[in-house]
Amino acid sequence: SVSPGDTSVLAGLYGPAEAKVSKELPDRAALEVLLRPKVGLPGVMERSREQLLRQTCEAVVLGVLHPRTAISLVLQVLSDAGSLLSCCLNAACMALLDAGLPLAALFCGVTCALQPDGTILLDPTARQEQEARAILTFAIASSERKVLMANTKGSCSVEEMQQCLAAAQRAADTIFGFYRDSVRRRYSKS
Amino acid sequence: LSICSRTVEPLEYYRRFLKENCRPDGRELGEFRTTTVNIGKCLCSITTADGSALVKLGNTTVICGVKAELAAPAADSANKGYIVPNVELPSLCAERFRSGPPGEEAQAASQFIADVIENSQMIVKEDLCIASGKLAWVLYCDIICLDYDGNLLDASVFALLAALKNVQLPSVTINEETGLSEVNLKQKNPLNIRKHPVATSFAVFDDTLLIVDPTAEEEDLATGTVTIVTDEEGRLCSVHKPGGSPLTGAKLQDCITRAITRHKEVKKLIDKVIKSITPK
């Protein structure tokens, strides 16, 4: 469960488990992501987010080590106070870490809001997101801080996007530090 | 000379072409397929729609029909109309799509189109309002893929833009005494399209090579895709990179530059077609 500020997402990972014959892939693991909103049934927005998360996870999970298996990632939104997509990304990565799946790299989600006066705000609240001119969410990989996933809402100029990307890459260091601390704490007790 | 089969080892087959900087269909890595667009009732033949367009990007064929209906605006946004895009991938367009409820790809594409409309502000919802709080237009944009050969998003955005440019809305007045709306079919106005977003898709191969306008086969072999939507001012309406191989900021910048160039070509094509069908 990851909660930056008041946004909270619970992630559960199941696998690698036996896959249904219709879903299994002969050479790699089949990854499936289910995103459940806080209220209501999952709609088109959830499906589109599931696709983003699934392809991001597929890029880092070494699926070829577990062919013909299924890995299911279930995310439940507990509360939404802004930056939901990056919270889901962080929850997904921590779930993958906790499950001990073989990963090529770690990733973290960072949301940048571009305010009307041009300043870049990281990790915006719901109110700041509404007032922003554009909201950009990036998934940054731990190896060389490359961009794994990008999603934008609202329009911005090319320079602004590059500035947001640079800011997100710097912020990724803080988040990876948090991952390291959490994992260290988890394994120091046992 | 080792024989490399296209069906048995598709990736190796492709790599041989990519090494020579070209693709099996003869295109270069940065070359688009032939784009053709048919707009309007005569050429596109959806006579019941208010606006329609048929776009062909190589073999990928996408048709968009826009229907305008009247409805009451929502309570919290009384001066806004609605635009409802829907992308359908029926089983006739490709073997992988089964009939039944829309799959993930269709839903993700619908959400993408809705985001592009919202982000680019190509149609401002306030323009669709007839009488605040009482009556507004609802534009149902149905985008149906007739033949899927890769690059669905580019073709869909193009078809949507062309169809919306073709829409003629009848003028509607509200009768003061009865409170009912009167639709005048004789007097039609085109939609006010403020921005012209154009999508450009790339496929990433082996984490390093970027190819433009992938076919269905190339999309299956690719390790990732990127779609950039730009408008005429060079602003980014959407950077859509749903996972896949990690890219550096510089590679992303390269995609954006190419997308801006593509925008100019597509805009020229649309303007040419619109001019050819407008009655003089």
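Keep in mind that this is a model prediction, so the values were computed, not measured.

## Quick word on the overall build of chain B
Working step 1: When its secondary structure is counted, chain B shows 6 helices and 12 strands.
Working step 2: Expected size for 280 residues packed as a compact globule is a radius of gyration near 19 Å; at 21 Å, chain B falls within 12% of this value.
Working step 3: In chain B, which comprises 280 residues, the share counted as buried stands at 50%.
Working step 4: Taking contacts inside chain B between residues at least 6 apart in sequence as the whole, the part at least 24 apart equals 66%.
Working step 5: Here chain B displays about 13,200 Å² of accessible surface, and carbon together with sulfur accounts for 52% of that area.
Working step 6: Taken together, the 31 basic and 37 acidic charged side chains of chain B have centroids lying 5 Å from each other.

## Let's talk about helix α1 (residues 10-19) of chain B
Along an α-helix, residues three or four apart share an orientation, since each turn contains 3.6 residues.
Residue and element names in this part refer to chain B.
Working step 1: Along α1, the residues classified as buried are Tyr-13, Tyr-14 and Leu-18. One face of α1 carries all of its buried residues, which in axial projection span an arc of 135°.
Working step 2: On its buried side, α1 packs onto β9 (198-205), β10 (209-212) and α5 (216-221).
Working step 3: Backbone geometry just downstream of α1 places Asn-21 in the positive-phi region, at approximately 60°.

## Digging into the interface of chain B and chain A
Working step 1: Chain B puts 28 residues into the contact, and the matching count from chain A is 29 residues.
Working step 2: Surface buried jointly by chain B and chain A totals about 2,500 Å² across both partners, of which 52% is contributed by carbon and sulfur atoms.
Working step 3: Between chain B and chain A we count 1 salt bridge in total.
Working step 4: Here chain B and chain A share 11 residue pairs in polar contact (both at pLDDT 80 or more) between them.
Working step 5: Listing elements by their share of the side of chain B that touches chain A, those giving two or more residues are α3 (104-120), β12 (236-240) and α6 (249-277) of chain B.
Working step 6: In terms of residues, the side of chain B that touches chain A owes the most to one element, α3 of chain B, which gives 6 residues.
Working step 7: Across the side of chain B that touches chain A, the residue classes tally to 11 nonpolar, 14 polar and 3 charged.

## What to know about the confidence of the model for chain B
Working step 1: Summing up the model confidence of chain B, the mean pLDDT is 87 and the portion of residues at 70 or higher is 97%.
Working step 2: Here helix α2 (residues 40-44) of chain B stands out as the element of chain B with the lowest mean pLDDT, 71, in contrast to strand β4 (residues 82-88) of chain B, whose mean of 93 is the highest.

## Things to note about the UniProt feature "domain: Exoribonuclease phosphorolytic" (unreviewed entry) in chain A
Working step 1: Mapped onto the present numbering, the UniProt feature "domain: Exoribonuclease phosphorolytic" (unreviewed entry) falls on residues 2-102 and 106-170 of chain A.
Working step 2: As a span, residues 106-170 of chain A carries 29% helix and 40% strand, and end to end its C-alpha atoms are 15 Å apart.

## Focus: the nonpolar core
Working step 1: Phe-107, Phe-138 and Met-161 of chain A together with Ile-228 of chain B are the most contacted members of the largest nonpolar core, which totals 68 residues.
Working step 2: Per element, the largest residue contribution to this core is 11 residues, and it comes from helix α2 (residues 84-99) of chain A.
Working step 3: In contact with Ile-228 of chain B, other than residues within four places in its own chain, are Val-198, Ala-199, Thr-200, Phe-202, Leu-236, Ser-238, Val-239, Cys-255, Ile-256 and Ala-259 of chain B.
Working step 4: Membership of the second largest hydrophobic core comes to 56 residues, among which are Val-37, Cys-141, Tyr-148 and Leu-169 of chain B.

## Considerations on the UniProt feature "domain: Exoribonuclease phosphorolytic" (unreviewed entry) in chain B
Working step 1: Mapped onto the present numbering, the UniProt feature "domain: Exoribonuclease phosphorolytic" (unreviewed entry) falls on residues 31-170 and 197-260 of chain B.
Working step 2: Taken end to end, residues 197-260 of chain B has its terminal C-alpha atoms 10 Å apart, with 28% of it in helix and 38% in strand.

## A word on the side chain of Glu-218 of chain B
All names here are of chain B.
Working step 1: The residue Glu-218 is located in helix α5 in this model.
Working step 2: For Glu-218, the side chain forms a polar contact with the side chain of Tyr-14, separated by 3.3 Å.
Working step 3: At 3.2 Å, the side chain of Glu-218 forms a polar contact with the side chain of Arg-23.
Working step 4: In this view, Glu-218 contacts Tyr-14, Arg-23, Arg-27, Phe-205, Ile-211 and Asp-213; residues no more than four positions away in its chain are not counted.

## Some remarks on the environment of Val-273 of chain B
Residues and elements named next belong to chain B.
Working step 1: Structurally, Val-273 can be placed in helix α6.
Working step 2: Along the backbone, Val-273 and Val-183 are 90 residues apart, and their C-alpha atoms lie at a distance of 29 Å.
Working step 3: When near neighbours in sequence (up to four residues on either side) are disregarded, Val-273 contacts Val-37 and Ile-39.

## Digging into the layout of surface pockets
Working step 1: Its volume calculated, the second largest pocket comes out at about 970 Å³.
Working step 2: Those elements that provide at least two residues to the lining of the second largest pocket are α1 (44-60), α2, α3 (126-131), β6 (134-141) and β7 (147-153) of chain A together with α3 and β12 of chain B.
Working step 3: A per-element tally of the lining of the second largest pocket places α3 of chain B first, with 7 residues.
Working step 4: For the lining of the second largest pocket, the class distribution of residues is 10 nonpolar, 16 polar and 10 charged.

What counts, and where the lines are drawn
- Residues numbered from 1 in each chain as written.
- Chains lettered and ligands numbered in written order.
- Predicted model: local features only at pLDDT ≥ 70, side-chain atom pairs only at ≥ 80, totals over all residues.
- Heavy atoms only, no water.
- Helix = DSSP H or I, 4+ residues; strand = E, 2+ residues; numbered from the N terminus.
- Rg over C-alpha atoms; globule rule 2.2 N^0.38 Å.
- Buried < 20%, exposed > 50% of the residue type's maximum accessible area, 1.4 Å probe, protein only.
- Contact = heavy atoms within 4.5 Å.
- Areas by Shrake-Rupley, 256 points an atom, 1.4 Å probe, with all protein chains shown as cover.
- Lys, Arg positive; Asp, Glu negative; His and termini not counted.
- Charge placed at Lys NZ, Arg CZ, Asp CG, Glu CD.
- Arc of directions from axis to C-beta.
- Buried area = accessible area lost by both parts, 1.4 Å probe.
- Salt bridge = Lys/Arg side-chain N within 4 Å of Asp/Glu carboxyl O.
- Polar contact = N/O pair within 3.5 Å; in protein donor to acceptor, adjacent residues only side chain to side chain.
- Nonpolar A, V, L, I, M, F, W, Y, C, P; charged D, E, K, R; others polar.
- pLDDT = per-residue confidence, 0-100.
- UniProt positions renumbered as here; feature names shortened; annotations may be inferred.
- Core = buried A, V, L, I, M, F, W, Y, C linked by side-chain atoms within 4.5 Å.
- 1 Å grid on protein atoms, 1.4 Å probe; cavity = no way out; pocket = protein on both sides within 12 Å on 5 of 7 lines; lining within 4 Å.
- Points joined across faces, edges and corners; volume = space filled by probe spheres on them.

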